[in-house]
Amino acid sequence: MLGAIAGDMIGSVYERRPIKTVEFQLFQSRSRFTDDTVLTIAVASSILEKADYATSLRSFGREYPNAGYGASFYGWLFAARPAPYNSWGNGAAMRVSPVGFAFETLETVLGEARKTAEVTHDHPEGIKGAQATALAVFLARKGAAREDIRGEIADRFGYDLNRTLDEIRPRYAFDISCQGTVPEAIIAFLESSDFEDAVRKAVSLGGDSDTLACITGGIAHAFYREIPREIVMETRARLPVELLDVVDRFQAAYPLV
């Protein structure tokens with residue numbers, strides 16, 4: 001899960017300043033955690049405490065109200081009677097990686113991913129994006145080969161994963177949809193050589209960079225098992241104690257072995 005958070009922080013600087021290269025400074029003074037991190041940790045906390053996903057998302061979201069949520073989610077966060085709002089946004093996918101790390105069967109992963117999404121993002125594309133991301137993390141954690149991950153996700157969800165980053169990058173722009181983010185993030189992982197390379201490739205697409213790198217980072221962490229020590233240290237240093245505590249407890253409960 002820490003890989004998703006690292007990706008969020010690394011991509012945060014470039015969310016509104018897109019770049020089209022893998023050559024950039026990983027961490028800067030303005031690198032920070034965003035709503036992607038807060039809600040990923042909320043899902044992790046929900047799994048640890050066996051709590052309702054909506055309750056956990058609202059609790060953590062209200063604790064960090066300025067993390068950069070979309071307008072619809074922000075309205076849901078503070079609504080007296082919160083209800084899903086038929087969103088297909090990539091927020092459903094960026095927060096779901098803990099599901100892929102925690103559960104042990106494909107069916108459970110898909111079911112729990114649906115549950116994390118549908119409290120807000122109950123549009124079919126929102127649910128599909130969450131399920132595809134969680135399944136990619138799960139398959140990577142279980143030792144599946146890249147081509148097996150590509151084939152399973154493409155066959156099950158209909159995403160075109162046969163494109164290359166070089167084909168995507170020139171015309172790719174900021175896109176908040178699951179259908180315009182999740183396939184690209186998975187392709188960034190599929191073309192990578194290690195964790196850092198995966199995150200750099202995701203950011204280099206020049207789109208919703210923190211969310212792209214968050215999704216890619218979660219999959220890459222599961223696949224490569226290790227994150228470079230410098231990235232781990234920079235990421236941990238930017239997390240408040242209360243968020244870091246959830247990360248540490250989650251990773252102790254669900255270690256990568």
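Reference entry: report on the structure contained in this document. (Residues numbered from 1 in each chain as written. Predicted model: local features only at pLDDT ≥ 70, side-chain atom pairs only at ≥ 80, totals over all residues. Heavy atoms only, no water.)

**Section: the nonpolar core**
Logical step 1: Of all hydrophobic cores here, the largest spans 94 residues; its most connected members are V99, I153 and L239.
Logical step 2: When residues in this core are grouped by element, the largest group, ten residues, is from helix 8 (residues 124–141).
Logical step 3: Residue contacts for L239: discarding those within four places in its chain leaves I5, M9, F33, T37, I41, L244 and V247. (Core = buried A, V, L, I, M, F, W, Y, C linked by side-chain atoms within 4.5 Å. Buried < 20%, exposed > 50% of the residue type's maximum accessible area, 1.4 Å probe, protein only. Helix = DSSP H or I, 4+ residues; strand = E, 2+ residues; numbered from the N terminus. Contact = heavy atoms within 4.5 Å.)

**Observations concerning the environment of Q131**
Logical step 1: Along the chain, Q131 turns up in helix 8.
Logical step 2: Separated by 22 residues in the primary sequence, Q131 and V109 place their C-alpha atoms 7.6 Å from one another.
Logical step 3: In this structure, Q131 is in contact with L110, A113, R114 and F157, ignoring residues within four places of it in sequence.
Logical step 4: There is a polar contact of 3.1 Å between the side chain of Q131 and the backbone oxygen of L110. (Polar contact = N/O pair within 3.5 Å; in protein donor to acceptor, adjacent residues only side chain to side chain.)

**Section: helix 11 (residues 182–190)**
Logical step 1: When you tally the buried positions in helix 11, you get nine out of nine residues, the bulk of the element.
Logical step 2: Taken together, the buried positions of helix 11 are occupied by V182, P183, E184, A185, I186, I187, A188, F189 and L190.

**Some details on the packing of helix 8 against helix 13 (residues 209–224)**
Logical step 1: Following both chains from N to C, one finds helix 8 and helix 13 inclined at 20°, their axes separated by 7 Å at the closest point. In terms of their interaxial angle, helix 8 and helix 13 are classed as roughly parallel. Here helix 8 and helix 13 pass one another in a crossing that is right-handed. Judged by residue contacts, T133, A136, V137, A140 and R141 of helix 8 engage I215, G218, I219, A222 and F223 from helix 13.
Logical step 2: Of the residues belonging to the contact of helix 8 with helix 13, the class tally is seven nonpolar, two polar and one charged. (Axes fitted to C-alpha atoms, helices over the stretch in contact; angles between N-to-C directions. Parallel < 35°, antiparallel > 145°, perpendicular 65-115°, else oblique. Left-handed = near helix turned anticlockwise from the far one by under 90°. Nonpolar A, V, L, I, M, F, W, Y, C, P; charged D, E, K, R; others polar.)

**A short note on helix 1 (residues 2–12)**
Logical step 1: Along helix 1, eleven of the eleven residues are buried, which leaves the element largely enclosed by surrounding structure.
Logical step 2: Where helix 1 is concerned, the buried positions are L2, G3, A4, I5, A6, G7, D8, M9, I10, G11 and S12.
Logical step 3: Where the residues of helix 1 are buried, they touch helix 2 (35–49), helix 6 (97–102), helix 12 (195–203), helix 13, helix 14 (229–237) and helix 15 (241–253).

**Some words on the side chain of T216**
Logical step 1: As for its placement among the helices and strands, T216 is situated in helix 13.
Logical step 2: Overall, T216 belongs to the buried group, its relative accessible area being 0%.
Logical step 3: In this view, T216 contacts A185, A188, F189, A198, V199 and A202; residues no more than four positions away in its chain are not counted.

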